[in-house]
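Chain residues, written in single-letter form:
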Amino acid sequence: MTMDSPIPLAIVGVGKIARDQHLPSISRTPAFALRAAVSRNAEVDGVQNFTDIEACLAARPDVKAVALCLPPEPRFAAAITALEAGCHVLLEKPPGATLGETDVLADLAREKGVTIFATWHSRFAPAVQPAKAFLADRAIRKVTITWREDVRRWHPGQGWVWEPAGFGVFDPGINALSILTEILPDEALLRAARLEVPENAATPIGVTMTMGIAGGGYEIDADFDWRQEGPQTWEIAAETDGGLMSLTGGGKTMAVDGKVVSDEPEAEYDGIYKRFADLIEAGESDMDMRPLRLVADACLLGRRVAVEPFHE
Ligand code: NAP
C-alpha cells in the first residue's frame, strides 16, 4: 500500500542529523513523501516551510507522519502536538528527557490509534544482527563497552548537550546501550556508575557504568568519554566460550578472535524509515525504553564527581 501512495511526511528540527541522515533517507524511501519542514532558522528546498509545528499541521492536514529531529527537551511538546493531530510519530534518540514523558507519548499514541516509533539508529548498524545471532547460543563471560569520542568534533556549537535533558556523554553512550540491549540474550541491570560532570555543565563528560544480569553470571563494563582526541572508539567486546566477539565502528564491523565476519556498508537511517513504514502499515508502535532506563538508573545510582570546566 505504501509503495502506491506514499505517506505524506513533515520533518521537524532541521539541524545536523536532519540534514546528514533524515533528508537523504526520506528521499530514498518510497513509502514516504516529504511535504513540509518545521524549523526556526533553516529551510528545506522543494517543500513548504514553517517555523512552528502547530502552524504546519493546521495548514497541511494532508501530513500524516512527522519525524521529530529536535533535541529531547523541545521534542516532547512537538510530539504531543503531532499525536493530538492524529499523526504517526518518529522520535530521534534519546526518545525523551524523562521516562515519564515517554510513557505519556506511548499512551497518547495508543489512544489516537497511531504509530509511535522510538528510533535507536545504532541498532540498524549492519553488524548488530550478526552479533546478536552470535551471542544467542554462546556462554558470555564478560562484556566491555568503550565509547570514546571528541565532543568538539561531533557536537560543535551544540550548547544543549550540556543543559538538563541534553544527556552529555550519554548522548552517544545511549547508542552503545541501544546495541547492548538488542544483542544481549539477558537483561542488563545497573550495579554502579560514576558520572564526571564539568563544573560549568549540568550533564556528564565522562561516565563509567558497571552492569550485571539477574542472578549473577557475567559483568558488563561501559566507559563513555567525550574527551578523546585522535582515533575515536565505538566498540563492544564480548568474551564468550566461542571466542572474543568484537563489534567496532559503532556496530559496522563484527570480528571473532580478530577475524572479520561481517562488514557491510552503513545504512542505519534507511533501515529506520523502512521500519517506520512497516510499523505504520501493521498498525503497531515500537517504544523500547531499555537504553533510556539504563541511563536513568545510572543517574539514580551513580556517584557524581565534579571535573574541570568544559570550554568549546
Ligand atoms: P542540532 O544540530 O542542534 O539540531 C537540532 C535542531 O532542533 C536545531 O537545528 C533546531 O532547529 C531545532 N530546535 C528546536 N528547538 C530547539 C532547542 N530548544 N534547542 C536546540 N535546538 C532546537 O542537533 P542534532 O545533532 O541534529 O541532534 C538532534 C537529535 O538527534 C538529538 O536528540 C541527537 O541525540 C540526535 N542525533 C544526533 C546525531 C548527530 O550525529 N548529530 C546522530 C544521531 C542522533 P531550528 O533552530 O532551525 O528550529
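Please refer to the structure placed before this passage.
The numbering scheme is per chain: residues are counted from 1 as the chain's sequence reads. Side-chain atom pairs in this predicted model are given and counted only at pLDDT of 80 or more, local residue features only at pLDDT of at least 70, and totals for whole chains, interfaces and linings cover all residues. The side-chain numbers reported here are obtained from all heavy atoms of the structure, hydrogens and water having been left aside.

**Student:** With reference to specific residues and values, describe the overall build of the protein.
**Tutor:** Strands are runs of DSSP state E lasting at least two residues, helices are runs of H or I lasting at least four, and both sets are numbered from the N terminus onward. Each helix and strand counted, the protein has 9 helices and 15 strands in total. Here the protein has a C-alpha radius of gyration of 20 Å; the compact-globule value for 312 residues is 20 Å, and the two agree. Once the C-alpha set of the protein is aligned to its principal axes, its extents read approximately 55 × 45 × 35 Å. Only protein chains enter the accessibility calculation, which uses a 1.4 Å probe; a residue is then buried when its area is under 20% of its type maximum, exposed when over 50%, and partly exposed in between. Each of the 312 residues in the protein was classed as buried or not, and the buried ones make up 54%. Surface accessibility follows the Shrake-Rupley procedure with a 1.4 Å probe radius. Residue values consider only the protein chains on display as shielding. Taken as a whole, the protein presents about 13700 Å² of accessible surface, with 51% of it coming from carbon and sulfur. His is not counted, nor are the chain ends; Lys and Arg add positive charge and Asp and Glu add negative charge. Charge placement uses NZ in Lys and CZ in Arg. For Asp and Glu, CG and CD serve respectively. For the protein, the distance from the average position of its 30 positive side-chain charges to the average position of its 46 negative side-chain charges is 1 Å. Two things to know: the radius of gyration comes from C-alpha atoms, and the globule rule equals 2.2 Å times the number of residues to the power 0.38.

**Student:** Could you give me a rundown of the nonpolar core, with the residues and numbers involved?
**Tutor:** Formed by 80 residues in total, the largest nonpolar core has its most connected members in Ile145, Met209, Met211, Ile220 and Phe224. It is helix H7 (residues 170-183) that provides the largest number of residues to this core, a total of 7 residues. With near-sequence residues (within four places) excluded, Met211 lies in contact with Ile145, Leu177, Leu180, Ala188, Leu189, Leu190, Arg191, Tyr218, Glu219, Ile220, Ala222 and Leu294. What we call a nonpolar core is a set of buried Ala, Val, Leu, Ile, Met, Phe, Trp, Tyr and Cys residues that are connected through their side-chain atoms within 4.5 Å. Residue contacts are counted whenever heavy atoms from the two residues lie within 4.5 Å of one another.

**Student:** Lay out helix H4 (residues 99-112) in plain terms, naming residues and giving numbers.
**Tutor:** Expected span of a helix: the number of residues minus one, times 1.5 Å. Between its first and last C-alpha, H4 extends 20 Å over 14 residues, near the 20 Å set by a 1.5 Å rise per residue. Burial in H4 covers these residues: Glu101, Thr102, Leu105, Ala106, Leu108 and Ala109. Down the axis of H4, the buried side of the element spans an arc of 165°, and every buried residue falls inside it. Facing away from the buried side of H4, by more than 90 degrees, are the exposed residues Arg110 and Glu111. The inward-facing, buried residues of H4 contact helix H3 (72-84), strand S5 (88-91), strand S6 (116-118) and helix H9 (290-301). Positive phi appears at Gly113, one or two residues downstream of H4, with a value of about 70°. Directions from the helix axis toward the C-beta atoms define the arc.

**Student:** Give a detailed account of the environment of Leu105, specifying residues and quantitative values.
**Tutor:** One can find Leu105 in helix H4. Residue Leu105 is classed as buried on the basis of its relative accessible area, which comes to 1%. Each C-alpha atom, one on Leu105 and one on Pro204, is 27 Å from the other, the two residues being 99 residues apart in sequence. Not counting chain neighbours up to four residues away, the residues in contact with Leu105 comprise Phe76, Ala79, Ile80, Leu83, Leu91, Ile116 and Met287.

**Student:** Now, about the site of the ligand: what can you tell me, with residues and values included?
**Tutor:** Looking at the ligand, there are 23 residues lining it, with Ser39, Arg40, Asn41, Lys93 and Asp171 nearest. Polar contact is the term for a pair of N or O atoms within 3.5 Å; when the atoms are in protein, one must be able to donate a hydrogen and the other to accept it, and sequence-neighboring residues count only if both atoms are side-chain atoms. Residue Lys16 places a main-chain N or O atom 2.9 Å away from an oxygen atom belonging to the ligand. Contacts to the ligand include Arg40, whose backbone N or O atom sits 2.8 Å from an oxygen atom. Examining the composition of the shell around the ligand, we find that 3 residues originate from one element, H3, more than from any other. For the shell around the ligand, the per-class residue count stands at 11 nonpolar, 6 polar and 6 charged. Per-domain counts for the shell around the ligand show at least three residues from each of domain 1 (7-118) and domain 2 (122-268 + 296-307). Think of it this way: one heavy atom of a residue within 4 Å of a molecule or strand is enough to make that residue near it. Classes in brief: Ala, Val, Leu, Ile, Met, Phe, Trp, Tyr, Cys and Pro nonpolar; Asp, Glu, Lys and Arg charged; the others, Gly included, polar. Source of the domain bounds: an automatic or database domain assignment.

**Student:** Requested: an account of the pairing of strand S2 (residues 32-38), with residues and values cited.
**Tutor:** Among the 7 residues that make up S2, 6 are buried, leaving the element largely enclosed by the rest of the structure. Across 6 bridges, the pairing between strand S1 (residues 7-12) and S2 is parallel. Within S2, the residue paired with Leu9 across the bridge is Leu34. Looking down the strands as they point away from you, a crossover is right-handed if its path from the first strand over the helix to the second goes clockwise. Tracing the backbone out of S1, into helix H1 (residues 16-28) and back to the parallel element S2 gives a crossover that is right-handed. Strands were regarded as paired on the criterion that DSSP finds at least two bridges between them.

**Student:** Lay out the sheet that holds strand S11 (residues 233-240) with the relevant residues and their values.
**Tutor:** Sheet strands pair by backbone hydrogen bonding; their relative direction is either parallel or antiparallel. With respect to topology, 9 strands assemble into an open sheet ordered S14-S13-S12-S11-S7-S10-S9-S8-S15, the strand pairing being mixed. The two strands at the open ends of the sheet, each matched to only one other strand, are strand S14 (259-263) and strand S15 (303-307). When the angles between neighbouring strand axes are averaged without regard to direction, this sheet yields 15°. Alignment of strand S7 (residues 140-148) against S11, held across 8 bridges, turns out to be antiparallel. Paired with Val143 across the strands is Ala238, a residue of S11. Contacts between H9 and the sheet are confined to strand S8 (188-198), strand S9 (206-213) and S15, with S8 contributing the most and set at about 65° to the helix. To define axes, lines are fitted to C-alpha atoms, for helices over the stretch in contact only, and angles between the resulting N-to-C directions are given on a 0 to 180 degree scale.

**Student:** So what's going on with the environment of Leu190? Residues and values would help.
**Tutor:** Considering the arrangement of structural elements, one finds Leu190 in strand S8. Overall, the relative accessible area of 11% leaves Leu190 in the buried class. Sequence-wise, Leu190 and Pro61 are 129 residues apart; in three dimensions their C-alpha atoms are separated by 44 Å.

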